[in-house]
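A closer look at the structure
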Amino acid sequence: MTVSPAHTAPTAPTATTVTTGGALPGGEYDVTIVGAGVVGTAIARELARLPLRIALVDASDDVGDGTSKANTALLHTGFDAVPGSVESRLVREGHLLLSAYAAATGIPVEPLGALLVAWDAEQLAALPGLAEKALRNGYRSARIIPAEEVRAREPELGPGALGALDVPGESLICPWTTTLAYATQAVRAGVELHLNCRVLGVTSAEVHTVATGRGPLRTRYLVNAAGLYADEIDRLLGHADFTVTPRRGQLIVFDELARGLVRHILLPVPGALGKGVLVSPTVYGKVMLGPTAEDLDDKTDTGSTAEGLALLREKGRRILPALLEEEVTAVYAGLRAATGNDDYAIRAHPEQRYVTVGGIRSTGLSASMAIAAYVVELLADGGLPVAGARDLEPLRMPNLGEAFPRPYRDAELIARDPEYGRIVCHCERVTRGEIRDALASTVPPGSPDGLRRRTRARGGRCQGFYCGPAVRALFEEARR
């Protein structure tokens with residue numbers, strides 16, 4: 001099934017609260033979530049069903065501005081998780097939940113399927129174990145295919161492939177729209193989003209007093225979904241059972257002309273540091289090569305290195321040689337929250353009315369909705385009243401996916417509103433209408449980069465060389 005988003009102008013927001021500066025509102029919150037990444041926003045959305053006062057705070061000027069913005073953008077089935085782990089259950093459940101949510105809200109998803117390609121005898125011998133692992137994780141569609149079938153399904157694959165594990169349920173997804181959809185629905189349902197709000201300390205008594213860079217915040221329950229900083233928040237509450245090591249993943253994005261070279265998500269047989277280097281299309285019509293897996297000390301080091309990019313090119317040359325002849329659109333790096341453990345570090349501390357959501361690796365996007373439901377269960381076990389839940393207002397997000405209709409191609413939409421026919425970013429074919437909508441949306445961007453994650457403007461082969469001044473002018477005009 002292919003999810004088919006359609007562009008719709010944003011619904012006019014009702015009274016909502018998104019703050020980016022100044023003192024925080026007074027009074028006491030029922031629940032506060034620290035961290036507005038894909039997991040934190042999913043938790044906020046789940047809690048928004050309840051008649052409670054909820055706050056979502058983040059140190060950044062935007063939602064999804066940390067680990068959630070730079071990942072491999074895959075919707076995993078959980079076939080290769082550790083069987084019996086919390087991660088296995090939540091990815092499996094989350095895959096189903098997010099697939100349905102994406103269809104309902106217009107988040108672009110492309111169900112291409114994945115091939116785990118074996119390049120040597122050792123990797124080939126590992127495939128039956130991976131197939132058995134998939135079964136133990138409740139995934140029954142994986143099967144081993146011979147080299148001839150691999151070659152037929154991926155004609156541009158490099159020489160030497162000995163076979164593969166076919167996992168047809170793996171999909172591409174837009175991580176930016178996912179996080180933004182969660183946040184938008186949460187805020188429209190009454191969650192108060194406070195950005196540029198770094199947590200500095202926590203004093204716990206009958207009520208938590210959270211010291212932030214924007215003043216104190218009082219809350220009865222606290223959820224720590226701070227990603228790379230989840231261990232540091234945990235220590236403020238007196239816990240030290242895991243440590244986050246930032247694991248840098250560098251990636252290379254190739255131009256849309258490379259898209260015809262690859263038909264599936266091409267995964268290596270996984271090793272100790274994760275799923276390894278993959279070649280994958282993106283929902284934006286590009287091809288991605290990466291990531292590296294480098295354990296660092298610096299939680300802010302998202303720079304690319306010559307060594308890392310050379311490693312990726314070496315790996316990519318074996319997987320898909322013709323890819324290396326294509327033009328590169330961008331290189332970037334993201335940080336994953338590795339803990340050295342094989343499972344998520346989700347801990348309830350009911351005596352403190354506190355839940356830690358730590359160690360959420362790259363599968364967190366896929367598991368996000370199931371994690372959110374699990375966290376609400378843990379809060380309820382700790383005494384949070386959960387009666388009176390309601391359905392949230394339906395939401396339809398603007399489409400960023402290249403495989404689906406976009407405004408510049410929609411003659412009827414342009415006839416109704418010519419701004420959708422005025423292209424500003426010619427590489428990504430982004431119109432003034434889309435930029436206008438994003439700047440006026442419920443959760444507006446805090447920077448031109450945030451605008452890019454909402455529209456793709458400045459994300460093409462020129463990286464804003466031509467459209468950058470015009471995009472920035474529109475952004476600055478909207479902030480006056």
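You'll find the structure just up there.
A few points on the structure. Being a predicted model, the structure only gives us computed values, none of them experimental.

Helix and strand content of the chain: twelve helices and 23 strands. Against the 2.2 N^0.38 benchmark of 23 Å for 480 residues, the chain shows a C-alpha radius of gyration of 22 Å, consistent with a compact globule. If you line up the chain on its principal axes, its C-alpha atoms span 65 × 55 × 40 Å. A buried classification covers 56% of the 480 residues belonging to the chain. For the chain, restricting intrachain contacts to residue pairs at least 6 apart in sequence, the fraction spanning at least 24 positions comes to 74%. If you sum the accessible surface of the chain, you get close to 19,000 Å²; carbon and sulfur atoms cover 53% of it.

Before going further, it helps to examine the nonpolar core. One finds Ile33, Ile43, Leu47, Ile346, Val357, Ile371 and Leu379 to be the most contacted residues of the largest nonpolar core, which totals 58 residues. Residue assignment for this core shows that the elements contributing at least two residues are β2 (28-34), α1 (38-47), β3 (54-57), α2 (86-105), α5 (175-188), β13 (215-224), β21 (354-358) and α8 (364-381). For this core, the leading source of residues is α8, giving eleven residues. If near-sequence neighbours (up to four positions away) are discounted, Ile33 is found in contact with Gly40, Ile43, Ala44, Leu47, Ile54, Ala55, Leu56, Val57, Val223 and Ala225.

Moving on: the sheet that holds strand β4 (residues 74-75). The three strands lie next to each other as β4-β9-β5, forming an open sheet whose pairing is antiparallel. Edge positions in the open sheet fall to β4 and β5 (109-110), since each of these has one partner strand only. Strand direction decides the pairing type here: β5 and strand β9 (residues 171-173), joined by two bridges, are antiparallel. Residue pairing for β9: Val109 is matched across the bridge by Ile173.

A few words now on the packing of α2 against α8. Two elements in contact, α2 and α8, have axes separated by 6 Å at closest approach and are oriented at 105 degrees. Classified by the angle their axes make, α2 and α8 are roughly perpendicular. From α2, Val86, Arg89, Leu90, Val91, Glu93, Gly94, His95, Leu97, Leu98 and Tyr101 reach across to α8, where they touch Leu365, Ser366, Ala367, Ser368, Met369, Ala370, Ile371 and Tyr374.

Rules behind the numbers
Residues numbered from 1 in each chain as written. Predicted model: local features only at pLDDT ≥ 70, side-chain atom pairs only at ≥ 80, totals over all residues. Heavy atoms only, no water. Helix = DSSP H or I, 4+ residues; strand = E, 2+ residues; numbered from the N terminus. Rg over C-alpha atoms; globule rule 2.2 N^0.38 Å. Buried < 20%, exposed > 50% of the residue type's maximum accessible area, 1.4 Å probe, protein only. Contact = heavy atoms within 4.5 Å. Areas by Shrake-Rupley, 256 points an atom, 1.4 Å probe, with all protein chains shown as cover. Core = buried A, V, L, I, M, F, W, Y, C linked by side-chain atoms within 4.5 Å. Pairing = 2+ DSSP bridges. Axes fitted to C-alpha atoms, helices over the stretch in contact; angles between N-to-C directions. Parallel < 35°, antiparallel > 145°, perpendicular 65-115°, else oblique.

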